[in-house]
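Structure assessment
Spelled out, the chains give:
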Amino acid sequence: MYKHMKTIKFALPDISKIEIDNVKKTLKTGWITSGKEELKFENILKKKFKKKYCIIFNSWTSAAFTLFYFLKKKNKYSEVLMPSLSFIACANAPFLAGHNVKFSDVDLDTFNISLNQIKKKITNKTNIILTVDQIGNPCDIKSIKKYAKQKGIILVHDAACSLGSKIDKKDIGNESDYLLFSFHARKPITSGEGGALLTNDKKIYNLSKLYKNHGMDKNTFVRSKISPTSYEKYILNGLNFKFTDIQASLLNAQIKRLNFFLNKRAKIRKLYDKFFYQHKKIVVIQREIKNAKSNNQSYMIVFKKNNLRDQLIKYLFNNKIETRKGITAIHLEIAFQNKFKNLKLTNSELIAKNGLQLPMHSKLTVKDCKKIIKLINSFFVLKGLYE
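So, how was this worked out
Residues numbered from 1 in each chain as written. Predicted model: local features only at pLDDT ≥ 70, side-chain atom pairs only at ≥ 80, totals over all residues. Heavy atoms only, no water. Helix = DSSP H or I, 4+ residues; strand = E, 2+ residues; numbered from the N terminus. Rg over C-alpha atoms; globule rule 2.2 N^0.38 Å. Contact = heavy atoms within 4.5 Å. Lys, Arg positive; Asp, Glu negative; His and termini not counted. Charge placed at Lys NZ, Arg CZ, Asp CG, Glu CD. Expected span 1.5 Å × (residues − 1). Buried < 20%, exposed > 50% of the residue type's maximum accessible area, 1.4 Å probe, protein only. Polar contact = N/O pair within 3.5 Å; in protein donor to acceptor, adjacent residues only side chain to side chain. Axes fitted to C-alpha atoms, helices over the stretch in contact; angles between N-to-C directions. Parallel < 35°, antiparallel > 145°, perpendicular 65-115°, else oblique. Left-handed = near helix turned anticlockwise from the far one by under 90°. Pairing = 2+ DSSP bridges. Disulfide = S-S within 2.5 Å.

Considering the overall build of the chain
If you tally the helices and strands in the chain, you get 14 helices and 14 strands. Computed over C-alpha atoms, the radius of gyration of the chain comes to 22 Å, within 12% of the 21 Å expected from 2.2 N^0.38 for 387 residues, which places it in the range of a compact globule. For the C-alpha atoms alone, the extent of the chain along its principal axes is close to 80 × 55 × 40 Å. In the chain, once contacts between residues fewer than 6 apart in sequence are set aside, the share between residues at least 24 apart is 74%. The averaged location of the 30 negative side-chain charges in the chain is 2 Å from the averaged location of its 73 positive side-chain charges.

A closer look at the environment of Phe243
Among the structural elements, Phe243 can be located in the loop between α8 (220–223) and α9 (245–254). Along the sequence, Phe243 and Ile32 sit 211 residues apart, while their C-alpha atoms lie 9.7 Å from each other. Leaving out residues up to four positions away in the same chain, Phe243 has contacts with Thr33, Ser34, Glu38, Ile56, Phe57, Asn58, Ser191, Glu193, Gly194, Lys212, Ala248 and Leu251.

Looking at helix α3 (residues 60–74)
Along its 15 residues, α3 runs 22 Å from first to last C-alpha, staying within 8% of the 21 Å computed at 1.5 Å per residue. Counting buried residues along α3, 11 of its 15 residues qualify, which places the element largely inside the surrounding structure. Of all the positions in α3, only Trp60, Ser62, Ala63, Ala64, Phe65, Thr66, Leu67, Phe68, Phe70, Leu71 and Lys72 are classed as buried. One side-chain oxygen of the residue at the start of α3 lies 3.4 Å from the amide nitrogen of Thr61, identifying that residue as Ser59.

Brief notes about the packing of α3 against helix α7 (residues 202–211)
The geometry of α3 relative to α7 is characterised by a closest axis approach of 10 Å and an angle of 125 degrees between their N-to-C directions. When the axis of α3 is compared with that of α7, the two are oblique. For the crossing formed where α3 meets α7, the hand is right-handed. For the pair formed by α3 and α7, the contact residues are Phe65, Thr66, Leu67, Tyr69, Phe70, Leu71 and Lys74 on the first element and Ile204, Leu207, Ser208 and Tyr211 on the second.

Some words on the sheet that holds strand β3 (residues 100–104)
If you walk across this open sheet you meet the 7 strands as β1-β9-β8-β5-β4-β2-β3, and the pairing is mixed. Pairing within the sheet leaves two strands with one partner each, and these edge strands are β1 (53–57) and β3. Strand-to-strand, the axes of this sheet are offset by a mean angle of 20 degrees, without reference to chain direction. Taken strand by strand, helix α2 (residues 36–49) contacts β1, β8 (178–182) and β9 (195–199), and its axis lies near 135 degrees from that of β1.

Remarks on the environment of Glu79
Checked against the element boundaries, Glu79 lands in strand β2 (residues 79–83). Residue Glu79 is classed as buried on the basis of its relative accessible area, which comes to 5%. Put simply, Glu79 and Phe379 are 300 residues apart on the chain and 45 Å apart in space, counted from C-alpha to C-alpha. For Glu79, the residues in contact, after removing those within four places along its chain, are Asn100, Lys102, Thr123, Lys125, Thr126, Asn127 and Ile128. A polar side-chain atom of Glu79 sits 2.4 Å from a polar atom in the side chain of Thr126.

Description of the state of the cysteines
Among covalent bonds in proteins, the disulfide is the one between the sulfur atoms of two cysteines. Summed over the entire model, instances satisfying the criterion amount to 0 disulfides. Looking at Cys90, it has no disulfide partner, and the nearest cysteine sulfur is the one in Cys161, 9.3 Å off. With a relative accessible area of 1%, Cys90 lands in the buried category. Cys90 supplies the cysteine sulfur nearest to Cys139, a cysteine that is in no disulfide, at a spacing of 11 Å. A relative accessible area of 1% places Cys139 in the buried class.

Here it is in C-alpha cells:
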C-alpha cells in the first residue's frame with residue numbers, strides 16, 4: 001500500500017522565503033555571531049512573556065544547566081522535584097549542576113505533573129519544583145505556583161514545548177520564577193537548536209549572561225560599538241553557550257508567523273481528535289485543563305493494552321508514515337535507573353511504554369492526516385480492536 005508515494009514526515013520545519021531572506025540579510029552584514037539579531041529576539045521574548053530579563057542560549061539544555069548551576073550556588077543541599085515523564089535533558093540539567101533530583105508521577109489524562117502528584121512526593125528538603133508542559137499542553141501551574149509560594153519553593157517552568165500555549169487566553173510563563181524555552185527543530189518556531197532563559201531575577205540574569213560567554217563582562221557586539229580600548233574582563237569561570245545571529249535572524253522571522261503555525265497545528269489536532277475520541281476504549285487522549293490551550297507541538301495517544309504501540313509504528317512505517325515512541329520515563333533510563341531502582345511511577349511508565357506520537361507540523365495536509373487516520377483504522381480492524 002502507498003508503495004510509490006512520498007513519506008509523510010513525523011516533523012518538518014516550516015521555513016519560508018521570509019526566513020531565508022532574513023538569514024541572507026544577516027549573512028551580508030558580515031556579523032554572524034551574537035549580535036543585533038540576538039538582542040532583537042531577546043527583546044521580543046521579554047515583551048511577549050512580560051519578564052525583565054532574557055538570555056538566548058545555544059540550546060534549552062545550556063540555558064537550564066546554567067540556571068541550575070547558579071541556583072545550586074545559593075543552596076548547599078538542593079532537591080529538585082520534577083516529573084519523570086520528560087526528555088532526559090530535563091533531569092540532566094539539574095543533576096549535572098549538583099542538585100538532588102526527585103521524580104514525581106504525572107496525571108494520566110494530561111500527561112503532566114500536577115499539584116496532587118507534587119504533594120505525594122514533596123519532602124521538607126524540596127526547594128525547587130520543575131514543571132513541564134508536556135508536548136505543549138500547559139500544566140496547572142497556577143495552583144502549583146500558589147502552593148510553591150506558600151512553601152517558599154522556587155518554581156522553574158520548563159516550557160521547552162509550549163511557546164504559543166495559553167492559560168486564560170494569556171501566554172504561559174507569568175507564574176514561574178524562571179522560564180525556559182527551546183527552539184529545537186520540532187518546536188513551533190525553530191532555529192535548528194537554541195534555548196532561552198527568562199526571569200525577573202537580576203542576579204541570576206547577570207551571572208548567566210557572563211557564564212554563557214566564557215565569563216566575559218562585555219558582549220562582543222556591544223563592545224564593537226564603543227572605544228577600541230574598552231577591553232573585556234573575565235569575571236568568573238564560564239563556558240561557550242553562545243547563540244549566532246544567523247539563528248536569531250531565523251527566529252525573528254519565524255515568530256512573526258507563529259499564529260499561522262499554531263492555527264495549522266490546531267486544525268490537524270481536530271482531525272486526529274475526531275477519530276480518536278470515538279476509540280477511547282483503545283487509547284488515552286491528552287486532555288487540556290480548564291482554560292488552557294496547547295500549541296500542539298506534538299500529538300500523542302497512549303494504548304491501554306500493551307504490545308500494540310510498536311506494531312502500529314511498524315505498520316505505519318511500512319506505509320511510508322513516520323511516527324515516534326512516546327515520552328521517556330527518565331527513571332527507567334540507564335543513566336538514572338540505578339539511582340531509582342525501587343521507584344514505581346505507574347502513569348509515567350504506562351505512557352512511556354504505550355505512547356505513540358503521530359506526525360504533527362504545519363506542512364502536514366488534510367489529505368495526509370486522512371491517510372494516517374485511515375491506516376490506523378485499518379490497523380485497529382486488523383488487530384480486532386473493535387470487537
